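The primary structure of each chain is shown beneath.
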Amino acid sequence: LEWCLSRGHQNPSNSIAPTSYFRHLVSWYSQRNEPHVLWLFYEDVISNKRETIVKVAEFMGIEKTSLEGDQDLERVERFTSIEFMKAHASKFNERSLRQARNEKAGRPQD
């Protein structure tokens, strides 16, 4: 609980959305040091995106040395920017993604 509150998350006082998010965070906390779990905070991603990209790449088994100063790193930064996503909003439409997932999984469409 202390780690969550220290990051600025408030202990929820009601049972609406913040509670489920708070419980979600707490439910994963015990797994944070497992080798198959990468524990990130949105605030950290925003404040140092390049460092976070390198961290994710290393988690996926991509060496940091193959990224630093590489055009791939710059491309990932550009493609994950809010500006890029807004310019290509149709590619990030949740309904389209859900439909593609359902089709691939053989599930009925909405």
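Notes on the structure follow. Since this is a predicted model, take the numbers as computed values, not measurements.

Rules used throughout
Residues numbered from 1 in each chain as written. Predicted model: local features only at pLDDT ≥ 70, side-chain atom pairs only at ≥ 80, totals over all residues. Heavy atoms only, no water. Helix = DSSP H or I, 4+ residues; strand = E, 2+ residues; numbered from the N terminus. Buried < 20%, exposed > 50% of the residue type's maximum accessible area, 1.4 Å probe, protein only. Contact = heavy atoms within 4.5 Å. Areas by Shrake-Rupley, 256 points an atom, 1.4 Å probe, with all protein chains shown as cover. Phe/Tyr/Trp six-rings, centres within 6.5 Å; stacked < 30°, edge-to-face > 60°. Lys NZ or Arg CZ within 6 Å of the ring centre and 35° of its normal. Core = buried A, V, L, I, M, F, W, Y, C linked by side-chain atoms within 4.5 Å. Salt bridge = Lys/Arg side-chain N within 4 Å of Asp/Glu carboxyl O. Axes fitted to C-alpha atoms, helices over the stretch in contact; angles between N-to-C directions. Parallel < 35°, antiparallel > 145°, perpendicular 65-115°, else oblique. Left-handed = near helix turned anticlockwise from the far one by under 90°.

1. Description of the overall build of the protein
Point 1. Looking only at helices and strands, the protein features 7 helices and 0 strands.
Point 2. Starting at the N terminus, the α and β elements of the protein follow one another as α-α-α-α-α-α-α.
Point 3. Going through the 110 residues of the protein one by one, you find that 15% of them count as buried.
Point 4. Sequence separation of 24 or more characterises 24% of the internal contacts of the protein that already satisfy a separation of 6 or more.
Point 5. Accessible surface, the protein: about 8900 Å² in total, of which carbon and sulfur atoms supply 53%.

2. Things to note about the packing of aromatic side chains
Point 1. Scanning the entire structure with this criterion turns up 3 aromatic pairs.
Point 2. Arranged with centres 4.8 Å apart and planes meeting at 35°, the rings of phenylalanine 79 and phenylalanine 84 form a pair that is tilted.
Point 3. On the accessibility criterion, phenylalanine 84 (21% relative accessible area) is partly exposed.
Point 4. Among the aromatic residues, those joined into a ring-pair cluster are Tyr29, Trp39 and Phe41.
Point 5. If you follow arginine 32 out to its NZ or CZ, it ends over the ring of tyrosine 29, 3.7 Å from the centre.

3. A few points about the nonpolar core
Point 1. One finds Ile53, Val54, Ala57, Leu67 and Leu73 forming the largest nonpolar core, which totals 5 residues.
Point 2. The element best represented in this core is helix α4 (residues 49-59), accounting for 3 residues.

4. Notes on the pattern of salt bridges
Point 1. For the structure on display, the rule yields 2 salt bridges.
Point 2. For arginine 50, the salt bridge is made with glutamate 77, and the minimal N-O distance between the two is 2.5 Å. A residue pair is termed long-range when its members are at least 10 positions apart, and arginine 50 in helix α4 and glutamate 77 in helix α5 (residues 71-79) qualify at 27 residues.
Point 3. Overall, the relative accessible area of 32% leaves arginine 50 in the partly exposed class.

5. Describing the packing of α4 against α5
Point 1. Contact pair α4 / α5: the axes reach a minimum separation of 10 Å and the direction vectors enclose 115°. The orientation of α4 with respect to α5, classified from their angle, is roughly perpendicular. Where α4 crosses over α5, the two elements pack in a sense that is right-handed. Side by side, α4 and α5 meet where Lys49, Arg50, Ile53 and Val54 of the first sit next to Leu73, Glu74, Val76 and Glu77 of the second.

Bear in mind that shape data such as this cannot, by itself, settle questions of function.
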